[in-house]
Structures are given as C-alpha cells and as structure tokens.
Amino acid sequence: MVVVQPSAAGRAAGGRPVWLGLVNDDDALADIAAWVRAGGPGLAEPPGVLDLYALTVSRRVREQLRSSGSPGRAGPGLGARRRADGCWLEVCGPS
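Remember, it's a predicted structure, so these values are computed and weren't measured experimentally. (Residues numbered from 1 in each chain as written. Predicted model: local features only at pLDDT ≥ 70, side-chain atom pairs only at ≥ 80, totals over all residues. Heavy atoms only, no water.)

1. Notes on the overall build of the chain
To keep it simple, the criterion reads: Secondary structure follows DSSP: runs of H or I at least 4 residues long count as helices, runs of E at least 2 residues long count as strands, and numbering of each begins at the N terminus. Note on classification: 1.4 Å probe, protein chains only; a residue is buried when its accessible area is under 20% of the maximum for its type, exposed when over 50%, partly exposed between these limits. All accessible areas in this document rest on Shrake-Rupley with a 1.4 Å probe, and a residue is counted as covered only by the protein chains that are shown.
A tally of helices and strands in the chain yields 3 helices and 5 strands. Starting at the N terminus and ending at the C terminus, the chain contains elements arranged as β-α-β-α-β-α-β-β. Taking all 95 residues of the chain together, the buried fraction comes to 33%. Surface summary for the chain: the accessible area is close to 5900 Å², and the carbon and sulfur share equals 54%.

Have a look at this one:
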C-alpha cells in the first residue's frame, strides 16, 4: 500500500491523502512518482490509471489512524519519505 500525502501547499489547495493498493509493479510506481513530482494531491491531477489502485478508507479506520499518528494525520507514518518541497510519499507494510 502507498499513501500519498499532500504537501502543505497541496493541503491548502484542498488536497487530502490518497491511498493506493496493489501497486507492486514498476509502471504503477512510475505513475505515482510522476504525479508526486508534478505536485501531488491538491496541486496536480493524478494519472487516470491510478484510479484502478485507489482505495477508500472507512471512517472507523481513518479515526483509528488519526488517534495513532499513522498516515492520514498531519505527520508521517513509518517508512515515510519527504520530498524537498515537503510532500510525503509513504510506503506502508502490512498492518
């Protein structure tokens, strides 16, 4: 699973974290990286193919993540990588 967090500018523009599942191939990862380089959530439209990987996280899970400090909250989770412009790209292992 990959969670793409918006940068501060992306969040100010309305961007929210995007959860992507089953992205175990190089083409999908290249599409994600290109989107993040273009600005990520709130600043750039994701490539259409990423719709195939998008997941909707239930309210219960979102609330658990917020209370634990995991992805979906202001701070990064385990395995996060921060770009120079402040955008987070997280790679999450199994829970």
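Moving on from the coordinates now.
2. Re the nonpolar core
Using the following cut-off: Only buried Ala, Val, Leu, Ile, Met, Phe, Trp, Tyr and Cys residues count toward a nonpolar core, and they belong to the same one when joined by side-chain atoms within 4.5 Å.
If you look at the biggest cluster of nonpolar residues, it comprises 11 residues: Val2, Val4, Leu20, Val23, Ala28, Ile32, Trp35, Val36, Ala44, Leu50 and Tyr53. Of all the elements in the fold, those that place two or more residues in this core are strand E1 (2-4) and helix H2 (26-37). Counting residues per element, this core draws most heavily on H2, which supplies 4 residues.

3. A closer look at the side chain of Ser7
Definition in use: A 3.5 Å cut-off defines polar contacts: any pair of N or O atoms within that distance qualifies, except that in protein one atom must be a possible hydrogen donor and the other a possible acceptor, and neighbouring residues in sequence count only when both atoms are side-chain atoms.
Mapped onto the secondary structure, Ser7 falls in the loop between E1 and helix H1 (8-12). Accessibility expressed as a relative area gives 6% for Ser7, which makes it buried. Of the polar contacts made by the side chain of Ser7, one reaches the backbone nitrogen of Gly10; its length is 3.0 Å.

4. Some points on unusual backbone geometry
Notably, Leu22 is not glycine yet its phi reads approximately 55°, a positive angle. Within the secondary structure, Leu22 is located in the loop between strand E2 (18-20) and H2.

5. Looking at the environment of Val23
Put simply, the test is: In this description, contact between two residues means that some pair of their heavy atoms is separated by no more than 4.5 Å.
Looking at where Val23 falls in the secondary structure, it is placed in the loop between E2 and H2. If near-sequence neighbours (up to four positions away) are discounted, Val23 is found in contact with Val2, Ala28, Leu29, Ile32 and Tyr53.

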